[in-house]
Amino acid sequence: MGDVNVTVQFGREKKAIAVTTDAKVEFLMQEMERETGVPQRSQKLIFKGKVLLPNMTITDAKLTNGAKIMLMSSKGGVQTAGQAAAARANEEKEKKLAHMASLMPNTGSTQKRPATTSSAEQLTPEQARAASWSKTGIVGLRDSSLMEVPSEALALGPSARVMDIGGNRLSSLPEALGSLSGLQRLRLSKNSLTFEGLPGPMLSALTNLTTLALDDNQLDRLPDALASLAQLRFLSAEQNVLVELPAGLGQLKKLEVLKLRGNRLPALCTELGDCEALGELDASDNKLTVIPESLAKLQRLKALLLDNNLVAKVPPIVLKECGALGTLSLHGNPITAEQLRETDGYSEYQERRITKYDKQIGMRTMMSRDGFDEGADAQEW
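Just so we're clear, the structure is a prediction, and the values are computed from it rather than from any experiment. (Residues numbered from 1 in each chain as written. Predicted model: local features only at pLDDT ≥ 70, side-chain atom pairs only at ≥ 80, totals over all residues. Heavy atoms only, no water.)

Colleague: Quick question: what am I supposed to make of the overall build of the protein chain here?
Modeller: Of the regular secondary structure elements, the protein chain holds eight helices and 16 strands. Sequence separation of at least 24 residues holds for 47% of the intrachain contacts in the protein chain that already meet a minimum separation of 6. Of the roughly 20000 Å² that the protein chain leaves accessible, carbon and sulfur atoms contribute 50%. (Helix = DSSP H or I, 4+ residues; strand = E, 2+ residues; numbered from the N terminus. Contact = heavy atoms within 4.5 Å. Areas by Shrake-Rupley, 256 points an atom, 1.4 Å probe, with all protein chains shown as cover.)

What follows is the structure, given as structure tokens:
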């Protein structure tokens, strides 16, 4: 255990504070309350773009000698030096009034004495955090080394709209998470979640979800319960160990983006052709050998990204009937650029592609040294 010296800036004021490495961030907040008059409940300490939670230790917050921290007031932004002085003066005035009242004899009068502390100021850090979640509907728990979802988050019920609990150590989710039926966006990336750790009833209850991120976990399958998420527009399960997809994905009629890069999929389910709103499908870096002909039904599909798979041919019907398809990427597959050009339907696809890139001059385009990227390698690998 050692000491570190940090500087907290509040408006134009700077406060140097010495603190032990095992102390909590709450200690800094107490010091700044005494210095500025801003109650702890209204403080946000920000270090390198991240909000420091009161229950973090100085070590967990990665504060070292010379660290510079910004103090923000959650009510009305940054308080000026004059406002801080006024707050301190008011606090001293209240203390004096309370002291004078305590010296007055008790005459049985019903007159109330000035309160010195509000109930809000007595909230614990956990209670203050839960109050903020309840007010905003946004639950931020990213990179908090959590092994389970905090009970105060589960207690929010339908009022929670967004939850980011990525970058933790979760291996499973509680069924009680289903009580957050108002959730619209749920980020679970970079945990250790398994198929068994995603209860079907819990997922089925989250019927308002529009965004679900499951990247960088240990999922070998996706739950069938995903079919219940009728409002889902964005689904990402990149960098898992998926070996199959549930047929129920075809019931996601509003799904616009599906990201499956970096798994072990030998095939895409034919039911994906029923995702009528799908505009982008990325299944690069898998073990795919075949492109399902059912994808030809996807009239809104603009980008089909299948790099680094085992695809040897493209169904002509996909090239002909995917009327919006302008990006087909098959680099790192057995099919060559020449074979792709010789595929029936390629001329229709090429015409759409050229039209697309003519409209995107000056923007992001897929170009090779010899002109347009033809979507496949020049030689078979």
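Colleague: Please clarify how unusual backbone geometry should be interpreted in this entry.
Modeller: In terms of backbone geometry, most residues other than glycine have negative phi values and most peptide bonds are trans. Backbone geometry at Lys 62 places phi at a positive 60°, although glycine is not the residue there. Along the chain, the position of Lys 62 falls in the loop between strand S4 (50–51) and strand S5 (68–73). On the basis of relative accessibility, which here comes to 65%, the residue Lys 62 falls in the exposed class. For Asp 143, which is not glycine, the phi torsion reads 55° and is therefore positive. Positionally, Asp 143 belongs in the loop between strand S6 (138–140) and helix H4 (151–154). (Buried < 20%, exposed > 50% of the residue type's maximum accessible area, 1.4 Å probe, protein only.)

Colleague: Can you help me understand the pairing of strand S3 (residues 43–47) in this one?
Modeller: Regular strands show a simple pattern: their side chains alternate between the two faces of the sheet. The alternating pattern of S3 places Gln 43, Leu 45 and Phe 47 on a buried face and Lys 44 and Ile 46 on a face that is not buried. Inspection of the sheet shows S3 paired to S5 by four bridges, in the antiparallel sense. Among the inter-strand pairings, Gln 43 is bridged to a residue of S5, identified as Ser 73. (Pairing = 2+ DSSP bridges.)

Colleague: Could you clarify how one ought to interpret the packing of aromatic side chains in this entry?
Modeller: The relative placement of two aromatic rings is captured by the distance of their centres and the angle of their planes. Counted according to the given criterion, the structure contains one aromatic pair. Above the plane of the ring of Phe 195 lies Arg 221, whose end atom (NZ or CZ) is 3.8 Å from the centre. (Phe/Tyr/Trp six-rings, centres within 6.5 Å; stacked < 30°, edge-to-face > 60°. Lys NZ or Arg CZ within 6 Å of the ring centre and 35° of its normal.)

Colleague: Please clarify how the sheet that holds strand S13 (residues 303–305) should be interpreted in this entry.
Modeller: Two orientations exist for strands paired in a sheet by backbone hydrogen bonds: parallel and antiparallel. The strand order across the open sheet formed by nine strands is S6-S7-S8-S9-S10-S11-S12-S13-S14, and the pairing between neighbours is parallel. Unpaired on one side and paired on the other, S6 and strand S14 (327–329) mark the two borders of the sheet. If you compare each strand with its neighbour and ignore which way they point, the axes differ by 5° on average. For strand S8 (residues 185–187) and strand S9 (residues 211–213), the ladder comprises three bridges, and the chain directions are parallel. Directly across from Leu 186, in S9, lies its bridge partner Leu 212. (Axes fitted to C-alpha atoms, helices over the stretch in contact; angles between N-to-C directions.)

Colleague: Before we go on, may I ask you to explain the environment of Met 163 in this structure?
Modeller: The residue Met 163 is located in strand S7 (residues 162–164) in this model. Taking the C-alpha atoms as reference points, Met 163 and Gln 184, separated by 21 residues in sequence, lie 8.5 Å from one another. Contact partners of Met 163, with chain neighbours within four places excluded, come to Val 139, Ala 153, Leu 177, Leu 180, Leu 183, Arg 185, Leu 186 and Arg 187.

Colleague: I keep staring at helix H3 (residues 125–136) and nothing clicks. Help me out?
Modeller: Because an α-helix completes one turn every 3.6 residues, residues spaced three or four positions apart along the sequence face the same direction. The end-to-end C-alpha separation of H3 is 17 Å, in line with the 16 Å expected for 12 residues at 1.5 Å each. Of all the positions in H3, only Pro 125, Arg 129, Ala 130 and Trp 133 are classed as buried. The buried residues of H3 all sit within an arc of 135° when viewed along its axis, so they share a single face. Where H3 terminates, the next one or two residues include Gly 137, which has phi positive at roughly 80°. (Expected span 1.5 Å × (residues − 1). Arc of directions from axis to C-beta.)

Colleague: Can you walk me through the sheet that holds S3 in this structure?
Modeller: Spatial strand order, S2-S1-S5-S3-S4: five strands in an open sheet with mixed pairing. Looking at the sheet topology across the chains shown, the edges are occupied by strand S2 (13–20) and S4. Summarising the sheet, strand S1 (residues 3–10) and S5 pair through three bridges and their orientation is parallel. Looking at S5, one finds that Thr 7 is bridged to Lys 68. Of the strands in this sheet, S1, S2, S3 and S5 touch helix H1 (residues 25–36), which is tilted by about 145° from S2.

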